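# Summary of the model geometry
The lines below spell out each chain.
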Amino acid sequence: MLRIGSVVLGVSDVRRATTFWTEALGYVPRDKVEDDWVVLVPARGTGPQLALNLSETPVQEHPRVHLDLYAGDAADQAAEVERLLSLGARTVDWDLYPEDPDFVVLADPDGNRFCVIDTSHG
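An account of the accompanying structure is given in this report. (Residues numbered from 1 in each chain as written. Predicted model: local features only at pLDDT ≥ 70, side-chain atom pairs only at ≥ 80, totals over all residues. Heavy atoms only, no water.)

On to the layout of surface pockets. The calculated volume of the largest pocket comes to roughly 410 Å³. Of the residues forming the lining of the largest pocket, the biggest block, five residues, is contributed by strand β1 (residues 6-11). (1 Å grid on protein atoms, 1.4 Å probe; cavity = no way out; pocket = protein on both sides within 12 Å on 5 of 7 lines; lining within 4 Å. Points joined across faces, edges and corners; volume = space filled by probe spheres on them. Helix = DSSP H or I, 4+ residues; strand = E, 2+ residues; numbered from the N terminus.)

Bringing the sheet that holds strand β8 (residues 113-118) into the picture now. The strand order β5-β8-β7-β6 describes an open sheet built from four strands, whose pairing is mixed. Only two strands of the sheet have a single neighbouring strand rather than two, namely β5 (67-71) and β6 (90-91). Sheet analysis places β6 next to strand β7 (residues 103-107), joined by two bridges and oriented antiparallel. When the bridges of β7 are listed, R90 appears paired with A107. Set on the sheet, helix α2 (residues 74-86) makes contact with β5, β6, β7 and β8; between it and β8 the angle comes to about 150 degrees. (Pairing = 2+ DSSP bridges. Contact = heavy atoms within 4.5 Å. Axes fitted to C-alpha atoms, helices over the stretch in contact; angles between N-to-C directions.)

Let's shift gears to the packing of aromatic side chains. Two aromatic rings are characterised by how far apart their centres lie and by the angle between their planes. According to the stated counting rule, one finds four aromatic pairs in the structure shown. Ring geometry for F20 against F114: centres 6.3 Å apart, planes inclined by 55 degrees, an arrangement best described as tilted. Note that F20 is positioned in helix α1 (residues 14-25) and F114 in strand β8, a separation of 94 residues in sequence. This pair shows no difference in class: F20 is buried, exactly as F114 is. Ring geometry for W21 versus F114: centroids 5.2 Å apart, planes at 65 degrees, classification edge-to-face. Taken as a pair, W21 in helix α1 and F114 in strand β8 lie far apart in primary sequence, 93 residues in all. In this structure W21 comes out as buried when scored by relative accessible area, which is 1%. Classification of F114 by relative accessible area gives buried; the value is 1%. Here the aromatic cluster, defined as three or more aromatic residues joined through ring pairs, consists of F20, W21 and F114. (Phe/Tyr/Trp six-rings, centres within 6.5 Å; stacked < 30°, edge-to-face > 60°. Buried < 20%, exposed > 50% of the residue type's maximum accessible area, 1.4 Å probe, protein only.)

So, in C-alpha cells, the structure goes:
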C-alpha cells in the first residue's frame, strides 16, 4: 500500500526556505541541509515531511497543488497569519476568494502559495 512520504516544494534558495519553513511549522532538517535539497520533519511526533528542492521553474500564480495549514479558529488563524508574515511570508492578492472564505492565501519567501485555514468556520 502506498502512502505520501513527503510534499516537495520547489524553491530558489534552499537555505532561506529552510529557515522560513522550520520556523513556520516547528520542523527540523532530517539530515544535513544541502544547497539543492533538504527534507524537513516534525520536531516532535509524526506528520508529513516537507522537502525543499532547488528549482528554476517560475511560481504558478494559481498553483495546482498547495499546502493548507490548519488553524483552530478565526483568532488562531489571524495570529498565525501575522506570525507567518513576520517570518517573511507575504499576502497574496487572490482573485478566487469565495464570498465568505475560511482561508487566507499567503506566499512563502519563494512565492509558493499556501493557505491558512480557519477550521472552525461554518
